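Read off the chains here:
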Amino acid sequence: MNTLLIQHADVLVTMDDQRRQIRDGGLYAEDGVIIQVGPTSELPSTADTVIDARGRIVIPGLVNTHHHFYQTLTRAVPAAQDANLFNWLVTHYPIWAGLTPEAVYVSAKVAMAELMASGCTTSSDHLYILPNGSRIDDEIQAAVELGMRFHAARGSMSLGESDGGLPPDRVVEDEAFILKDTRRVIETYHQPERFGMIRVVVAPCSPFSVTPDLMRESAALARSYGVHLHTHLAETLDEERFCLEQFGRRPAEYAEDLGWMGEDVWHAHAVHINDQEIELFAATGTGVAHCPTSNMRLASGIAPVRAYLDAGVNVGLGVDGSASNDGSNLLAEARMAMLLQRVLGAPDALSAEEALWIATRGGARNLGRDDIGYLAPGMAADVAAFRLDRLDYAGCLHDPMAALTFCNPTPADFVVIQGRPRILDGHFVDLELPSLIQRHNDIARALVNGELA
């Protein structure tokens, strides 16, 4: 049995139902599962691994519910810096057509490392472009090696340019193969048990990149295995116009027709949603992955997060692809979520605590997990901590939890996943970053120059 003791945190934020904050707090875990949370004086005095958290705030590991890891290879591409979503996609698709298995693997490792450094311990990733022999297995390998809890969303595109879609024909897949390979991935990797490190999600890319039949069959497939469903929805007004012209339905109505509403579904973005559709999300238990930075970067709009929360819709956070956000920092995303709701005119539109709640509890619920998102007995020992003696937090000790989103986001000081330290004193335990970054940059240069595949 492996034991872990975290002690003497200036404040331990549980994010439990009582929203307790414990001064001089800590936790004790056995084999990656929390046994006790409370003041340090009430915890065991020894363990196999002891972390002194003095001068730090300890929180549950953050949960990222929407990303495209491979896009770390195409950050800030000049031709797409000032594009809206559709033009941004058209610019990038030919570049991404050069992806290789190594490119997918290396970019996944970089994205997950960047997330982890921001305090994220669980991430989903939506991989929907799989050229040149690339497979989602390449991302799963990276997650296993890095020790991150990972929800692998096996995406797909089947409508190429010749069929009226946006992506080049060479990056779309046959629909029968998509379903067959998705079954393979679920049967090979999905770990449905509590504390499972790898889970699989069924995730056609979007309503304008696959057929209605594939959307329906994907939903049926996912439900036959008891796995979750994920796609992009209602991200832009262009998408809304496309759905009205092609299907005679708004995006949310179209999703409902296809069986894509329910507690096992969460949609990325959901920016252009009306009051009736918000009620639909709430009534069906459908979740939303809010991606504020990406929505600003691509001028897509502002998701109605306050209205979602007031209606009882579950909201999680997503950094989205690192070419539409250009970063993979989930703590920064929580800050942006808070500020973006306020820019509409209400200074209390989203509080610091609510921003942290959707980054932890909201994300866990989107992913269908009852074992992460807060710190309590019986929960996974997924923990992040931040130093409070940094220049960025000087003067913030009145409310350390609020400081995490009001002040400039800083890297995590330590990160623990399933009781296993992955970052200590601000450094990765067993990851050689310089060589990883160099290889990533070499691949990125070759990819953008069309020299990779």
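Heads up: these notes are all about the structure in this document. Computed from a predicted model, the values in this text were never measured in an experiment. Every residue gets a number counted from 1 within its own chain, in the order that chain's sequence is written. Given that this is a predicted model, residues contribute local features only at a pLDDT of at least 70 and side-chain atom pairs are listed and counted only at 80 or more, while totals for whole chains, interfaces and linings are drawn from all residues. As a rule here, side-chain values come from all non-hydrogen atoms in the structure, and water together with hydrogens is ignored.

### Looking at the overall build of the chain
Consideration 1: Within the chain, the secondary structure is distributed over 14 helices and 17 strands.
Consideration 2: In terms of its C-alpha atoms, the chain occupies a principal-axis envelope of roughly 65 × 45 × 45 Å.
Consideration 3: Relative accessibility decides the category of a residue: with a 1.4 Å probe and only protein chains considered, values under 20% of the type maximum give buried, values over 50% give exposed, and everything between is partly exposed. Evaluated residue by residue, the chain yields a buried proportion of 62% over its 453 residues.
Consideration 4: Across the chain, every contact between residues at least 6 apart in sequence was considered, and the portion connecting residues at least 24 apart equals 74%.
Consideration 5: The accessible surface values rely on the Shrake-Rupley method and a 1.4 Å probe; as for residues, cover is taken only from the protein chains in view. Summed over its atoms, the accessible surface of the chain is roughly 16200 Å², and 49% of this surface lies on carbon and sulfur atoms.
Consideration 6: A gap of 3 Å separates the mean positions of the 34 positive and 60 negative side-chain charges of the chain. Note on conventions: DSSP H or I runs of at least 4 residues are helices, E runs of at least 2 residues are strands, and numbering of each starts at the N terminus. In this analysis, two residues are considered to be in contact whenever any of their non-hydrogen atoms come within 4.5 Å of each other. We count Lys and Arg on the positive side and Asp and Glu on the negative side, and we leave His and both chain ends out. Throughout, a charge is located at the NZ atom of Lys, the CZ atom of Arg, the CG atom of Asp or the CD atom of Glu.

### Digging into the packing of helix α2 (residues 101-117) against helix α14 (residues 433-448)
Two packed helices can be described by the angle between their axes and the distance between those axes.
Consideration 1: Note on geometry: axes are C-alpha line fits, over the in-contact stretch for helices, and angles between N-to-C directions span 0 to 180 degrees. At a minimum axis separation of 10 Å, α2 and α14 run at an interaxial angle of 130°. Classed by the angle they form, the pair α2 and α14 counts as oblique. Considering the relative orientation of α2 and α14, their crossing is left-handed. Taken together, the residues of α14 that come into contact with α2 (itself represented by Glu102, Ala103, Val106, Ser107, Lys109, Val110 and Ala113) are Leu433, Leu436, Arg439, His440 and Ile443.
Consideration 2: Here the residues of the contact of α2 with α14 sort into seven nonpolar, two polar and three charged. Here the word oblique covers every angle except those under 35 degrees (roughly parallel), over 145 (roughly antiparallel) and from 65 to 115 (roughly perpendicular). Take the far helix as the reference: if the near one is turned anticlockwise from it by less than a right angle, the crossing is left-handed, and if turned clockwise, right-handed. Charged residues are taken to be Asp, Glu, Lys and Arg, nonpolar residues to be Ala, Val, Leu, Ile, Met, Phe, Trp, Tyr, Cys and Pro, and polar residues to be all remaining types, Gly included.

### Details of the environment of aspartate 138
Consideration 1: Along the chain, aspartate 138 turns up in helix α3 (residues 136-146).
Consideration 2: Residues aspartate 138 and lysine 109, spaced 29 residues apart in sequence, show a C-alpha to C-alpha distance of 9.8 Å.
Consideration 3: Side-chain atoms alone can form a polar contact between residues adjacent in sequence; in general such a contact is a pair of N or O atoms within 3.5 Å, and within protein one must be able to donate a hydrogen while the other accepts it. Within the local environment of aspartate 138, its side chain forms a polar contact with the backbone nitrogen of arginine 135, the two atoms lying 2.9 Å apart.

### Here we look at the packing of aromatic side chains
Consideration 1: Centres within 6.5 Å make a pair out of two Phe, Tyr or Trp rings, where for Trp the six-membered ring is used; the pair is then stacked when the planes are under 30 degrees apart, edge-to-face when over 60, and tilted otherwise. Evaluation of the coordinates by the stated rule reveals eight aromatic pairs.
Consideration 2: Between tyrosine 93 and tryptophan 96 the ring centres are 5.9 Å apart and the planes differ by 80°, which places this aromatic pair in the edge-to-face class. You can see tyrosine 93 and its partner tryptophan 96 sitting in helix α1 (residues 85-96), three residues apart, about one turn around the helix.
Consideration 3: On the basis of an interplanar angle of 10° and a centroid distance of 3.9 Å, the ring pair of phenylalanine 247 and tyrosine 254 is categorised as stacked.
Consideration 4: Of the residues examined, phenylalanine 247 reaches a relative accessible area of 27% and is grouped as partly exposed.
Consideration 5: Members of the aromatic cluster, joined through ring pairs, are Tyr70, Trp88, Tyr93, Trp96 and Tyr128.
Consideration 6: A ring is considered to have a charge above it if a Lys NZ or an Arg CZ atom is located within 6 Å of its centre and within 35 degrees of its normal. We note arginine 19 situated over the ring of tryptophan 357; from NZ or CZ to the ring centre the distance is 4.0 Å.

### Quick notes on unusual backbone geometry
Consideration 1: Here the phi dihedral of phenylalanine 195 falls at roughly 70°; this positive angle occurs in a residue that is not glycine.
Consideration 2: Secondary-structure assignment places phenylalanine 195 in the loop between α4 (175-189) and β9 (198-204).
Consideration 3: Backbone geometry at alanine 299 places phi at a positive 55°, although glycine is not the residue there.
Consideration 4: When you line up the elements, alanine 299 lands in the loop between α9 (292-297) and α10 (305-311).

### Focus on the nonpolar core
Consideration 1: Take the buried Ala, Val, Leu, Ile, Met, Phe, Trp, Tyr and Cys residues and link them wherever side-chain atoms come within 4.5 Å; each set so joined is a nonpolar core. Counting 121 residues, the largest nonpolar core has Ile57, Ile59, Trp88, Trp96, Tyr128, Ile129 and Phe281 as the members making the most contacts within it.
Consideration 2: The element contributing the most residues to this core is α2, with eleven residues.
Consideration 3: Setting aside residues up to four positions removed in sequence, tryptophan 88 forms contacts with Gln71, Ala80, Ala83, Trp96, Arg297, Leu298, Ala323 and Ser324.
Consideration 4: Membership of the second largest hydrophobic core comes to 20 residues, among which are Leu4, Ile6, Leu12 and Phe414.

### Observations concerning the pattern of salt bridges
Consideration 1: Any Lys or Arg side-chain nitrogen found within 4 Å of a carboxyl oxygen on Asp or Glu counts as a salt bridge. Across all of its chains, the model carries 30 salt bridges by this definition.
Consideration 2: Here arginine 439 and glutamate 102 are joined by a salt bridge, their closest N and O atoms 2.8 Å apart. Of this pair, arginine 439 sits in helix α14 while glutamate 102 sits in helix α2, placing them 337 residues apart in sequence.
Consideration 3: Given the relative accessible area of 36%, glutamate 102 is considered partly exposed.
Consideration 4: With its nearest N and O atoms 2.7 Å apart, the salt bridge here joins aspartate 430 to arginine 422.

### Digging into the packing of helix α11 (residues 330-342) against helix α12 (residues 352-366)
Consideration 1: Here α11 crosses α12 at 135°, and the two axes come no closer than 9 Å. Taken together, α11 and α12 sit at an angle that is classed as oblique. For the crossing formed where α11 meets α12, the hand is right-handed. In this structure, α11 contributes Leu330, Ala334, Ala337 and Met338 to the contact, and α12 contributes Ala352, Ala355, Ile358 and Ala359.
Consideration 2: In the contact of α11 with α12, the residues fall into eight nonpolar, no polar and no charged.

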